[in-house]
Every structure is written in structure tokens, then in C-alpha cells.
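Commentary on secondary and tertiary structure
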Amino acid sequence: MSKITLIANFKSNKNTALLEQWFEQIGSDIEQLELVVAPSYPYLEKARLMQKGWRLAAQNVSPFPMGSYTGEVNAMQLRDLGVEYCVVGHSERRQYFGETSAQVAQKITQLLSAQITPILCLDEPYLEEQFYSLSDSNLSKTHLIIAYEPISAIGSGQPASVGRVQTVAEKIKNLYGDNHSVIYGGSVDERNIGELLLVCDGALIASASQEARQMNSIIAVAQKSMLNVS
Ligand code: PGA
């Protein structure tokens, strides 16, 4: 049985003191789970030093390689900082920063060439458009983590139903290939994680991951559901 992936996305939150406090209170990585934390760029190094077995993700990456692109952080630099995963195509980036599926595809190419696993976020309207913008080599021989993230569920306290997540997860695997993991994001917490994990491979968690205590409860439920099915 493959591992469940739980990703804590801090978005544009936390400072040094809050990050330290989170790592002091959070549980260590456990065997059955792949635990990933995505702090803002300036805190990646701090998180790497404190990691307790958590894997490191970035929240964004340049669509270009190393070079004259002022203000951008490229995939090779992220790799150099110990980053193993990177969120791309989050609806907040599509909405507030005008990120297009074509740019997301460029970012994925950069990440894969730096051996960083993309965490590709998709709401249903983008499923096909994003798929057709990816090259075959990005899809067939690689492993992406694809997060189904309905915009209406993000930060709203109103997660998609388990049935909906199951339907869309199947649709994603049919379209993108079942070599990829499909996880769910949008108002995930300790009350709904157990049932969601019955129909997908993990979760992308923002609001409920900010407090270490709540994240620890989510991890405990996920661990229990892993033990029940293995
Ligand atoms: P949420 O956000 O957990 O706060 O709903 C999820 C996300 O934006 O990835």
C-alpha cells in the first residue's frame, strides 16, 4: 500500500517565531505517511533545519531556468535548498497573479528537470485545459501529485462531498494516468480527513495546518485510517 501524502500549506503566513513554535509542537514524520510542509520562500532554510522528518515544499517556482529574471526563484535553487516538492497552479495564483495553464506547464517542466515533484492544483474548470498544455514527457514517465481543489471549498469551511472527490479523483486518474497521486484540498480538518482518505491519496491543508495542535490531530486520524486498511 502506498503512503498517504499530507501537505501543510502555510500560504503567505507565519514569521520566524511562529515557524519555530510550529516545529516545536508538531509530531515527527511517521512511517506510513509522507508529511510535507510548504512555508514561504524566506523560511525554507529554517524549516529544513527544524524539519523533524518533514519533507520540504515550495509554494511557487519560476517558469524559467537560472538567468536574468529579477525576482524569480528557479527550480535548481529550490533543489539546492533541499526542496523536494513544489505547489503549482494554485487557484490563488491563477486568480490574483494571472497564472495561466501554459505557465503552470512551464513550471512543471522546470521542476521535473530539477527532480522536484510538482503538486499540481486543479479545480474542475482547469482539468482538461491543464492536461492539454502538458507535454507527454511530463505526464507519462513522471510522478505528479495532483490536488483536486474546488475553489468554493478553499478556506470556506465547506469541503466537497466525499462522493464528489471520488468522482473527480477518478476523472483525473483517467485523464492524466494512474501513475500520479490524486489528493484533495479545501477545508480539510480532523473531522473529515478520515472519510476523504477512503477516496484519494492524501490532502493539501492550509487553514487547519496553521496550528500544530490541529495538524497533529489530522495526522493521528490519517495514521489510524492507514492502519485500518493495511
Ligand atoms: P484550506 O485551503 O485548507 O484553508 O481550505 C486549501 C488550499 O488552499 O490549498
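These lines cover the structure that appears in this document, whether it is placed above or below. (Residues numbered from 1 in each chain as written. Predicted model: local features only at pLDDT ≥ 70, side-chain atom pairs only at ≥ 80, totals over all residues. Heavy atoms only, no water.)

**Structural notes on the site of the ligand**
Taken together, Lys11, His90, Glu149, Ala153, Ile154, Gly155, Gly186, Ser187, Leu204, Ile205, Ala206 and Ser207 form the complete shell of residues around the ligand. Between the ligand and Ala206, the relevant distance is 2.9 Å, taken from an oxygen atom to a main-chain nitrogen or oxygen of the residue. Ser207 is positioned such that a nitrogen or oxygen atom in its side chain is 2.3 Å from an oxygen atom of the ligand. For the ligand, whose free accessible area comes to 280 Å², the fraction covered by protein is 99%. (Near = heavy atom within 4 Å. Polar contact = N/O pair within 3.5 Å; in protein donor to acceptor, adjacent residues only side chain to side chain. Areas by Shrake-Rupley, 256 points an atom, 1.4 Å probe, with all protein chains shown as cover.)

**Points about the pairing of strand β8 (residues 202–205)**
Burial along β8 is two-sided: the residues Gly202 and Leu204 and Ala203 and Ile205 are all buried. Inspection of the sheet shows strand β1 (residues 4–9) paired to β8 by four bridges, in the parallel sense. Of the residues in β8, the one forming a bridge with Thr5 is Gly202. Note that strand β7 (residues 181–185) and β8 share two bridges and pair parallel. In the sheet register, Gly185 faces β8, and the bridge partner there is Leu204. (Buried < 20%, exposed > 50% of the residue type's maximum accessible area, 1.4 Å probe, protein only. Helix = DSSP H or I, 4+ residues; strand = E, 2+ residues; numbered from the N terminus. Pairing = 2+ DSSP bridges.)

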